[in-house]
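Residue strings, one per chain:
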Number of protein chains: 2
Amino acid sequence: MPRIRHTTLACSPGCTVEATLELFGGKWKALILYHLFEDGVLRFGELRRRLPNVTQRMLTNQLRELEADGLVSRTVFPEVPPHVEYALTELGKTLKPVIQALKKWGDRYAHSVQRNKAGDRD
Amino acid sequence: MPRIRHTTLACSPGCTVEATLELFGGKWKALILYHLFEDGVLRFGELRRRLPNVTQRMLTNQLRELEADGLVSRTVFPEVPPHVEYALTELGKTLKPVIQALKKWGDRYAHSVQRNKAGDRD
DNA sequence: GCCACTAGTGTCAGGAATGATACCATGCCT
DNA sequence: AGGCATGGTATCATTCCTGACACTAGTGGC
């Protein structure tokens, strides 16, 4: 859950930047998308294993929101035990260059971010 | 203030994606960066005018964090009334392709994000 | 003397985001 | 009959984010 949804994109010229960010600004969404780009299709449990620090509830939430935004598809197989598959939609796939840009920058520069602040964690 | 700072980037292969996102995942940071890309150097008040919905305190906070992360420089002119200029650092400038990717995607696809969810706002 | 201007800071409060934990259904295996 | 597996939900508590509002300094103008 980012914070605010502004679907009217009239606020300012850079507003679409914000709007885009809100789609995967959720705490784990970018990671989810990233793994879906890597692996294509993933079951709930597989995603969970790839994101060890996410609680089940969080993962469900984030996936539901991605689904509601049309970025991720959710396919339920009526089996027991339950079987649900998550994959990127066509729209979701268009985010690839964005995520790649993020990753590329991170791989190159993240280490050079000097955190001078107190209250540094992790 | 994103949420967690993990400076050790060992969590998962997509971790740098998250790390990058945390740099400008703050509610207004992407917008601030965007405007600095557009205009080069901006005074506090100018930024404030470009981001009408941000409170002074928020703007200060976000700028301080961007500064702490080494993305934005803050230059104080010892005058009265106060005069402070904000600009991108060299590191900050390297984020340009990332912000551009966000904007490009937003301009093209943001409108096609269908929000099926209840609780839609704005 | 009083007010305005700029760039803040301090405090407080409300709400949202997140986490912990427990619980559910159902079919299979033993 | 009991336990396990999967993909969830429900409830509660807490922590974090954000906004509203008031306040500051120092000089110039009326």
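Residues numbered from 1 in each chain as written. Chains lettered and ligands numbered in written order. Predicted model: local features only at pLDDT ≥ 70, side-chain atom pairs only at ≥ 80, totals over all residues. Heavy atoms only, no water.

Draft legend 1. Structural context of the overall build of chain A. Looking only at helices and strands, chain A features six helices and three strands. The secondary structure elements of chain A, listed N-terminal to C-terminal, are α-α-β-α-α-β-β-α-α. The buried share of chain A, taken over its 122 residues, is 51%. In chain A, the proportion of contacts linking residues at least 24 apart, taken out of those at least 6 apart, comes to 49%. Accessible surface computed for chain A: about 6,000 Å², of which carbon and sulfur atoms make up 54%. (Helix = DSSP H or I, 4+ residues; strand = E, 2+ residues; numbered from the N terminus. Buried < 20%, exposed > 50% of the residue type's maximum accessible area, 1.4 Å probe, protein only. Contact = heavy atoms within 4.5 Å. Areas by Shrake-Rupley, 256 points an atom, 1.4 Å probe, with all protein chains shown as cover.)

Draft legend 2. Looking closely at the sheet that holds strand β2 (residues 72-77) of chain B. Residues and elements named next belong to chain B. In spatial order, the strands read β1-β3-β2; together these three strands make up an open sheet with antiparallel pairing. Edge positions in the sheet fall to β1 (41-43) and β2, since each of these pairs with one other strand and no more. Adjacent strand axes in the sheet meet at a mean angle of 25°, parallel and antiparallel pairs treated alike. Looking at chain direction, β1 and strand β3 (residues 83-88) are connected through three bridges and run antiparallel. Of the residues in β3, the one forming a bridge with V41 is A87. In this fold helix α2 (residues 29-39) packs onto β1, β2 and β3, with an angle of close to 90° to the strand it touches most, β3. Sheet contacts for helix α4 (residues 56-68): β2 and β3; angle to β2, the most-contacted strand, approximately 115°. (Pairing = 2+ DSSP bridges. Axes fitted to C-alpha atoms, helices over the stretch in contact; angles between N-to-C directions.)

Draft legend 3. Quick peek at the nonpolar core. Counting 66 residues, the largest nonpolar core has A:F24, A:L33, B:F24, B:I32 and B:L33 as its most contacted members. Excluding its chain neighbours within four sequence positions, the residues that come into contact with A:F24 are A:K29, A:A30, A:L33, A:L95, A:V98, A:L102, B:L21 and B:L102. (Core = buried A, V, L, I, M, F, W, Y, C linked by side-chain atoms within 4.5 Å.)

Draft legend 4. How the structure looks around the sheet that holds strand β1 (residues 41-43) of chain A. Residue and element names in this part refer to chain A. In spatial order, the strands read β1-β3-β2; together these three strands make up an open sheet with antiparallel pairing. For this open sheet the edge positions go to β1 and β2 (72-77), each flanked by a neighbour on one side alone. Geometrically, the sheet is characterised by an average inter-axis angle of 25° between neighbouring strands, direction not taken into account. Contacts from helix α2 (residues 29-39) reach β1, β2 and β3 (83-88) within the one sheet, and its direction differs from that of β3 by about 90°. Along the sheet, helix α4 (residues 56-68) makes contact with β2 and β3, crossing β2 at roughly 115°.

Draft legend 5. Focus on the environment of B:L51. Positionally, B:L51 belongs in the loop between α3 (44-50) and α4. C-alpha separation for the pair B:L51 and B:L31, spaced 20 residues apart in sequence, amounts to 7.9 Å.

Draft legend 6. Spotlight on α4(B). All names here are of chain B. The end-to-end C-alpha separation of α4 is 18 Å, in line with the 18 Å expected for 13 residues at 1.5 Å each. Close packing links the buried residues of α4 with α1 (15-24), α2, α3, β2 and β3. Of the residues one or two after α4, G70 is the one with positive phi, at around 75°. (Expected span 1.5 Å × (residues − 1).)

These results come straight from atomic positions and should not be treated as a statement about function.
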